[in-house]
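Secondary and tertiary structure notes
Okay, here's what each chain looks like letter by letter:
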Amino acid sequence: MTEDHPTPRRLAAYQAGQLSPGEEDEIQEHLVACRECTVALLSLPDFQELMEAEDLETVARPEELPSPGQTRASWQAVQARLAASRSAAPAPPPPVGRFRRLTTSPRAFFALAAGLLACLIGFPLWIANHRGTSAGAPLVAYPPGGGEVIRGVGGSGQPLSVRLAEGPAVLALPLPARASFPAYRIEIRTPGGELRLSADALLVPVAVGPAGTQAPATGDRPPRLLVIALGRGQLAAGDYRLRIVGLRGSHAEAIAEHALHISGS
Amino acid sequence: MTFQPREPEPAADDPVAAWVAQIQAGVDVERNFERLYERFHPRLFAFFRRHGLAPERCEELAQDALFNAFDKIASFEHRSRFSTWLWGIAGHLYVNEQRRMGAAKRDGVELPLEESQPADTERRRPGGVVLKAAGPSPYEEVEKKEQLATLREALISLPPKMQRCAILRFHQGLKYREIAEVMRLSLDTVKAHLGQARQVLQQRLGPQAGTFFHEEER
């Protein structure tokens, strides 16, 4: 019995009286023979008290609390672990029945849309880049819209205009050629600076044009796009600032900003 | 990469649930993780510290608990409070730590907190019970098993709950209020059960019964 320990959640359910009499019996039989589980159960009220207290200092003694600044440093360490864990996450295996899955999973759908978008706009964007518009013009696509696939938006100081009335939209933002961060985040803020959305962006290299074309012989990096999807209803209609933030370890740096207008959300 | 088109569930009276819902919806993720961290890191640290672990170990465990929680946050379904869900992770780490430290052994001696600090090999719980960090030796393990078997045999005529109360007291050395907590019984019921169990032990085992009783019970 002691080898088959109840999970902490089951112990909590037992303590809360949420188990059947038969299940309670089982837990009790285990507890009389298992010191670790008994100690864990006896620690649960402490845990609950510490977690639920409005003011931690009223229930914890000073020597039980972390030192000043420790929580901040600890958070930075965990941020780095999370970033490392995300970048090390293995790619999912190719699914069986790929077409059906791609059309039913929102995540896969956005990935597909982003890939198509990158292929469709890559070459014109490259040309635009080398004609002197260093970052090219952002684009937006409405994948489920049927027919209306791509529209050029923004550029020349105009805001990116995105309509979210009918469904999600995919934004493709050309990355300035000088940008060399391993990862990027998109932040969308109100004009007053309040953060409304923040998400990692997919970096899509656009290095290959249509068959038979040659890459212009320049020392610049090939054009790259940052792609994000905006869900319907996630931003209220109105004006925003969209910021591209480069990430390297714990360092974050704003590298470009666009005016953004959301309509019909 | 994508902002999932999913509405966060607002929870005006529970800011923690609101932060979690926003993270799950892809809204202001970093800031909300940071808010959760600021709230729960000191609490988890205090929990592990209260249970006798060294500050460095408390930091590692608090960090691991929150890292694991953030990693799995998509699986939190808002059926309970976030802190209850967090217990599933932190409690697991705590139990593993108990095992890692060698099946902490309670010696049954109760000391007030104001008394001298325990030696390095011992850990103190806030209730005043001192736990020995070193695990039992193989000889002690065998002896304990034999004691448990003797107790169970002697108490076999008693109802199961009474037997369990007696084992928790005479074998694990728990205090009355701890037995009441573990068994989900009132303190009076525990006292009554133990009184009866003590009589049975004395009848069945004679003078040998005394080996199971704490000093104040002899």
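Throughout what follows, the structure given in this document is the object of discussion. Everything numeric here is computed off the predicted structure, so don't read it as measured data.

A short note on the overall build of chain B
When helices and strands are counted, chain B shows eight helices and three strands. Moving toward the C terminus, one meets the helices and strands of chain B in the order α-α-α-α-β-β-β-α-α-α-α. Considering chain B as a whole, with its 218 residues, one finds that 33% of them fall into the buried category. Expressed as a percentage of contacts within chain B between residues at least 6 apart in sequence, the contacts between residues at least 24 apart total 43%.

Observations regarding the sheet that holds strand β3 (residues 160-163) of chain A
Residues and elements named next belong to chain A. Taking strand neighbours across the sheet as the criterion, the five strands line up as β3-β10-β9-β5-β6 in an open arrangement whose pairing is mixed. In this open sheet, the two edge strands, each paired with only one partner strand, are β3 and β6 (195-200). Across the sheet, the mean angle from the axis of one strand to that of its neighbour is 30°, orientation sign disregarded. Relative to strand β10 (residues 251-263), strand β9 (residues 238-248) is paired through eleven bridges, and the arrangement is antiparallel. Its bridge partner lying in β10, Arg243 is registered against Glu257.

Digging into the nonpolar core
Formed by 95 residues in total, the largest nonpolar core has its most connected members in Leu171, Leu226 and Val227 of chain A. Looking at this core, the element that brings in the most residues is helix α2 (residues 29-50) of chain B, giving ten residues. In contact with Leu226 of chain A, not counting residues within four places along its chain, are Leu173, Leu175, Tyr184, Ile186, Ala201, Leu203 and Ile244 of chain A.

What to know about the environment of Pro8 of chain A
Take Pro8 of chain A: it is sitting in helix α1 (residues 8-15). The sequence separation of Pro8 of chain A and Leu41 of chain A amounts to 33 residues, and the corresponding C-alpha distance is 8.0 Å. If we ignore the near neighbours within four places in the chain, the residues touching Pro8 of chain A are Ala40 of chain A together with Trp87, Gly88, Gly91, His92 and Val95 of chain B.

A closer look at the interface of chain B and chain A
It is common to give the size of an interface as the accessible area that goes away when the parts come together. Of the residues lining the interface, 53 residues belong to chain B; the matching set on chain A comes to 54 residues. Among the secondary structure elements, those contributing two or more residues to the side of chain B that touches chain A are α2, α3 (55-71), α4 (82-100), α6 (160-170) and α7 (176-183) of chain B. In terms of residue count, the dominant contributor to the side of chain B that touches chain A is α2 of chain B (14 residues). Looking at the side of chain B that touches chain A, its residues break down into 23 nonpolar, 13 polar and 17 charged.

Examining helix α3 (residues 35-52) of chain A
Over its 18 residues, α3 of chain A runs 26 Å from end to end, which matches the ideal 26 Å to within 8%, given 1.5 Å per residue. Helix geometry: α3 of chain A is bent most strongly at Ser43 of chain A, by close to 30°, with proline Pro45 of chain A lying one to four residues after it. Among the residues of α3 of chain A, Arg35, Cys37, Thr38, Val39, Ala40, Leu41, Leu42, Ser43, Phe47, Leu50 and Met51 of chain A are the ones counted as buried. In this structure, the buried residues of α3 of chain A make contact with α1 and α2 (21-33) of chain A together with α2, α4 and α7 of chain B.

What about the packing of α3 of chain A against α2 of chain B?
Close contact between α3 of chain A and α2 of chain B brings their axes to 9 Å; oriented N to C, the two are set at 150°. Relative to α2 of chain B, the element α3 of chain A is oriented roughly antiparallel. α3 of chain A and α2 of chain B meet at a crossing whose hand is right-handed. Residues Asp46, Phe47, Leu50 and Met51 of chain A of α3 of chain A form the contact with α2 of chain B, whose participating residues are Arg43, Ala46, Phe47 and Arg50 of chain B. Among the residues making up the contact of α3 of chain A with α2 of chain B, the classes are represented as five nonpolar, no polar and three charged.

Topic: the environment of Phe40 of chain B
All names here are of chain B. Take Phe40: it is sitting in helix α2. Sequence-wise, Phe40 and Ser83 are 43 residues apart; in three dimensions their C-alpha atoms are separated by 8.6 Å. The residues touching Phe40, leaving out its near neighbours within four places in the chain, are Leu66 and Leu86.

Cut-offs used in this document
- Residues numbered from 1 in each chain as written.
- Chains lettered and ligands numbered in written order.
- Predicted model: local features only at pLDDT ≥ 70, side-chain atom pairs only at ≥ 80, totals over all residues.
- Helix = DSSP H or I, 4+ residues; strand = E, 2+ residues; numbered from the N terminus.
- Buried ≥ 20, exposed ≤ 12 C-beta atoms within 10 Å, placed from the backbone.
- Contact = placed C-beta atoms within 7 Å.
- Pairing = 2+ DSSP bridges.
- Axes fitted to C-alpha atoms, helices over the stretch in contact; angles between N-to-C directions.
- Core = buried A, V, L, I, M, F, W, Y, C linked by C-beta atoms within 7 Å.
- Nonpolar A, V, L, I, M, F, W, Y, C, P; charged D, E, K, R; others polar.
- Expected span 1.5 Å × (residues − 1).
- Bend = angle between axes of the 7 residues up to and from the residue.
- Parallel < 35°, antiparallel > 145°, perpendicular 65-115°, else oblique.
- Left-handed = near helix turned anticlockwise from the far one by under 90°.

Purely geometric numbers; function is a separate question.
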